[in-house]
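Coordinate inspection notes
The chain contents come next:
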Amino acid sequence: MSAAVPGAVAPLLEATGLSKTFSIVEVLKDINITVRPGEVHAIIGENGAGKSTLMKILAGNQPPTRGEMRLGGEVVSFSGPVDAESRGIVLVHQEILLAPDLTVAQNIYLGREIRKGLTLDDRTMNEGAAKAIRDLGGDLDPRTIVANLSIAQRQLVQIARVLLVPHRIVIFDEPTASLTPHETEALLKVIKDIRAKGVGVLYISHRLPEVKEIADRVTVLRDGRLIATHDASELQPADMARLMVGRDVAKLYPDRHAAEVREVVLDVEHFNAPGYAQDASFKLRKGEILGFAGLVGAGRTELMEGIVGLRTGRGPVRLNGNPVAFTDVHSSLKAGIAYLSEDRKGKGLLLAKDLLVNLTLASLSKFTGLLQIDRKKEAAALDQAIRDFDIRTGTKNILAGQLSGGNQQKLLLAKMMMLDPQVVIIDEPTRGIDIGNKEQIYKFIAKLAEEGRSIIVVSSEMPELIGICDRILVMRSGRIVGEVTGDHMNENEIVQLATGVKSGEAA
């Protein structure tokens, strides 16, 4: 239950008429919001609604175009995030902002190192970092290099680093997007502990049941405008979804007819991704959506990367009955296997390049003739992709990094479909994506299967796998430990296999 917050409590932070314009595009207009001591105030909305921009303004990362902010009743204007931090406002970014070549402890204490005489006190920092991670429900060796961590583990390190700063207000921007249910539960407990100390929390999340559990108040943004602010007790997740998208989202997952038994397209036998996946065998059939479930660290992503040539992999793989062995991702793409990375910002898209470059880069040969690129053909392809995948952008000339998360994922899908792949492997297809865009992504995936393409979906969201897949394989400790189908495709069965409570056989 959310803690009751008396209406008479004076706000820690009050923003009035906040607006933000980039060039000629107004992304925020006249936003009024307050944060009280000892409350969790959730900010929800579709991708592109203006949530992250609002948080960056409140945390000093960006100045507002107009509007006023008061902190403790006094008008403030931050010169930057360091200024905001010095006044007690800290932001946990959605993007991972860590130094990959440093250790966990070095990242947590970067810029605030503990010294012992003339040298760094590594022992104290390692102990402090280990405790900070444990407090978040994690278990990491503080001496581990961050580059060797999973995305979920990096997020935990980033949260631990931020919470080390003395804080009056903590802003969380999609903090659980990369976390397992266990890690999410631990983080929500930490947030409740923060609230109990009188700290104000601003919380952005697309996971509406999670918002219902943790929030005291909920503010809804749509298209840069404030739609409503309600006590969380007045709203159910379905009400939140309706306010976010402006319509009922009655059915999240598309109807799927029972898949007929078709020919095997991809046949993997006793495959190994050294250090991550062992003895993996499975078959993928034409027009099938095959799910891969498991806890973080189970080896799902590494198995897929090994198969497509993104990392070392060994073992027989047959595509349409023909033996294949991919030493790099270009050869697997050429053969008709497209892999959409879970890290769309780091590995899937060039964020500093425009939409056109991102869309056509992997399939540039389609647009090249007589030693030059056919720009008109490229532009027509972008127009078609924007229509087909409903990529929402005010102008086609913006950078990929300026798109919302949902629209980045649509662009990545469009980019890979330019190659006309036969097999599509999608890793965490809706991570950090709002409910409206999730509905669209699921329809796109179902449509690809209906076209006869074969789909593998790797996801930490069990309802997602259950909702869109024909079969689900479960991995644990680098091995495929079972398969669930039909009535057995439920969270209880998957969790039992993923945790080792139950064993099963994969077909």
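Residues numbered from 1 in each chain as written. Predicted model: local features only at pLDDT ≥ 70, side-chain atom pairs only at ≥ 80, totals over all residues. Heavy atoms only, no water.

A word on the pairing of strand 18 (residues 337-340). It is a general feature of regular strands that their side chains alternate between the two faces of the sheet. Residues Ile337 and Tyr339 line one face of strand 18 and the alternating positions Ala338 and Leu340 line the opposite face, and both faces are buried. Bridge analysis of strand 18 against strand 21 (residues 423-427) gives four bridges, and the strand direction is parallel. Of the residues in strand 21, the one forming a bridge with Tyr339 is Ile425. (Buried < 20%, exposed > 50% of the residue type's maximum accessible area, 1.4 Å probe, protein only. Helix = DSSP H or I, 4+ residues; strand = E, 2+ residues; numbered from the N terminus. Pairing = 2+ DSSP bridges.)

By the element assignment, Gly198 lies in the loop between helix 6 (181-196) and strand 10 (200-204). Residue class for Gly198 comes out partly exposed when judged on its relative accessible area of 31%. Distance in space between the C-alpha atoms of Gly198 and Thr184 is 22 Å, their sequence separation being 14 residues. With near-sequence residues (within four places) excluded, Gly198 lies in contact with Leu12, Pro37 and Gly38. (Contact = heavy atoms within 4.5 Å.)

Further remarks concern helix 9 (residues 300-308). In terms of residue burial, helix 9 counts as a mostly covered element, since nine of its nine residues are buried. Within helix 9 the residues assigned to the buried category are Arg300, Thr301, Glu302, Leu303, Met304, Glu305, Gly306, Ile307 and Val308. Two residues or fewer after helix 9 comes Gly309, characterised by a positive phi angle close to 95°.

The subject of this paragraph is the side chain of Ser19. Within the element layout of this structure, Ser19 appears in strand 1 (residues 13-22). Other than its neighbours up to four places away in sequence, Ser19 contacts Glu26, Leu28, Lys29, Asp30, Pro64, Thr65 and Arg66.

Moving on, we get to the confidence of the model for the protein chain. A residue-level look at the protein chain finds 95% of positions with pLDDT of 70 or above and a mean pLDDT of 88. Within the model, pLDDT remains below 50 along residues 1-7, and this stretch shows 15 contacts once partners closer than five positions in the same chain are excluded. (pLDDT = per-residue confidence, 0-100.)

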